[in-house]
Amino acid sequence: MAADRIDGKAFAEGLRTRVGGWASDFEGAAGRKAGLAVVLVGEDPASQVYVRSKGKAVAAANMNGFEHHLPADTSQEDLLALVERLNADDAVDGILVQLPLPDHLDDQAVIAAIDPDKDVDGFHVANAGRLAVGQTGFVPCTPLGCMMLLADRLGDLSGLEAVVIGRSNIVGKPMAQLLLDANATVTIAHSRTKDLPSVVRRADIVVAAVGRAEMIKADWLKPGATVIDVGINRLPPADGEERGRLVGDVDYGPASEIASAITPVPGGVGPMTIAVLLRNTLVAAYAHAGLDAPEGL
Ligand SMILES: NC(=O)C1=CN([C@@H]2O[C@H](COP(=O)(O)OP(=O)(O)OC[C@H]3O[C@@H](n4cnc5c(N)ncnc54)[C@H](OP(=O)(O)O)[C@@H]3O)[C@@H](O)[C@H]2O)C=CC1
Ligand SMILES: Nc1nc(=O)c2c([nH]1)NC[C@@H]1CN(c3ccc(C(=O)N[C@@H](CCC(=O)O)C(=O)O)cc3)C=[N+]21
């Protein structure tokens, strides 16, 4: 039987609408809109598209967006100076520096310069540490979005076997921590994992965050598994196509014959990332303004 398609796009639209309503309440209470600053260094076309779609989402959710587009040869010093200005700017509640940065810039030093209370990406060590020890802080948007989809689909995750493929600081590691907090039994697989298919086969929940097109095959899956595909990969253009198709890390068609539920790419995890970014920004805004956040935000 074909798996249910987990409609991340629809879920994200619902979340964005709820956040937009709360953002209007915030404006009423605080006398200003919540504000997100997005910093983009260089001309990478994919990043530009992503930054533009964030800008639109921010405006649609009744928030201010401040875009800072710096040239590719921006110095570390100038980038850090901009981050410091945004830290000090009372109109800015959240700061996102689009990664990866050009090679001559130090991602870690730039993230470290962001005020942890404005770090709506959840990448600062203070927020990573809070997540690791179970304190409240900003959680990276993509894994938090994945958890929302899993909770909506499965409810209680206690005792379920979860396999996360990928161990990056922005997706795999925080994802594993969130699953552990939700009482799943968690395995983190990576490029040195031996016999990945047999590791994946024990999973009730598979989260794929590798960045390799259609790498995870249907016959690796336990029948009935729930599959969350974080990967965003562009295939080379086929005949007659100008741009290749976007695909995930999971071989979707065959996998959907074995899984019980699976997120598509596009239309799955990607839209959740943006919706959670808006949510995190509004959480930051309430805290910054010294107001209590609404129940459910
Ligand atoms: N939907 C969304 O909103 C987002 C999507 N993404 C997408 O998610 C994917 C992962 O992103 P990110 O975490 O930043 O990527 P990274 O490149 O930082 O990490 C990839 C991880 O996959 C592991 N890996 C690589 N090859 C294999 C393999 N053959 N077998 C098993 N594991 C392997 C690596 O292992 P090792 O550590 O051993 O090298 C690493 O841990 C990308 O496609 C990215 O575009 C990312 C962010 C947001
Ligand atoms: N500081 C920082 N924070 C990030 O969160 C961050 C980042 N840097 N760098 C790049 C990655 C990637 N990422 C995506 C978010 C949404 C979609 C998304 O909405 N994708 C649509 C498709 C979009 C399309 O068609 O191109 C979808 O999957 O349906 C994709 C990718 C966030 N990232």
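Residues numbered from 1 in each chain as written. Chains lettered and ligands numbered in written order. Predicted model: local features only at pLDDT ≥ 70, side-chain atom pairs only at ≥ 80, totals over all residues.

Looking at an unreviewed UniProt entry, one finds the protein chain named Bifunctional protein FolD and attributed to Qipengyuania pelagi. According to UniProt, the comment filed for the protein chain under the heading Pathway (unreviewed entry) is "One-carbon metabolism; tetrahydrofolate interconversion." (UniProt positions renumbered as here; feature names shortened; annotations may be inferred.)

Attention shifts here to the overall build of the protein chain. Counting secondary structure elements, the protein chain contains 10 helices and 11 strands. A principal-axis box enclosing the C-alpha atoms of the protein chain has dimensions of 55 × 45 × 35 Å. Taken over 297 residues, the protein chain has a buried fraction of 44%. The long-range share in the protein chain, meaning contacts at least 24 apart out of those at least 6 apart in sequence, stands at 68%. (Helix = DSSP H or I, 4+ residues; strand = E, 2+ residues; numbered from the N terminus. Buried ≥ 20, exposed ≤ 12 C-beta atoms within 10 Å, placed from the backbone. Contact = placed C-beta atoms within 7 Å.)

Before going further, it helps to examine the pairing of strand 4 (residues 94-97). Of the two faces of strand 4, the one carrying Gly 94 and Leu 96 and the one carrying Ile 95 and Val 97 are both buried. Two elements, strand 2 (residues 35-41) and strand 4, share four bridges in a ladder whose sense is parallel. Bridged to Val 39 within strand 4 is Val 97. (Pairing = 2+ DSSP bridges.)

Two residues of an α-helix separated by three or four positions point the same way, owing to the 3.6 residues in each turn. Listing the buried residues of helix 5 (residues 125-133) in full gives Asn 127, Ala 128 and Leu 131. For helix 5, the angular spread of buried residues about the axis comes to 100 degrees, placing them on one side. The exposed residues of helix 5 that point more than 90 degrees off its buried face are Gly 129 and Val 133. Of the surrounding secondary structure, the elements contacted by the buried residues of helix 5 are helix 7 (172-181). After helix 5 finishes, the residue Gly 134 shows a positive phi value of roughly 85 degrees. (Arc of directions from axis to C-beta.)

On to the site of ligand 2, then. Near ligand 2 lie 17 residues; those nearest to it are Gln 98, Leu 99, Pro 266, Gly 270 and Thr 273. A breakdown of the residues in the shell around ligand 2 according to their chemical character gives 12 nonpolar, four polar and one charged. Each of domain 1 (30-125) and domain 2 (141-270) accounts for three or more of the residues forming the shell around ligand 2. (Near = placed C-beta within 6 Å. Nonpolar A, V, L, I, M, F, W, Y, C, P; charged D, E, K, R; others polar. Domains from an automatic or database assignment.)

This part is about the site of ligand 1. Around ligand 1, 25 residues are found, and the nearest of them are Gly 166, Ser 168, Ser 191, Gly 211 and Thr 273. Looking at the shell around ligand 1, the element that brings in the most residues is helix 10 (residues 269-288), giving three residues. Split into classes, the residues belonging to the shell around ligand 1 amount to 10 nonpolar, 12 polar and three charged.

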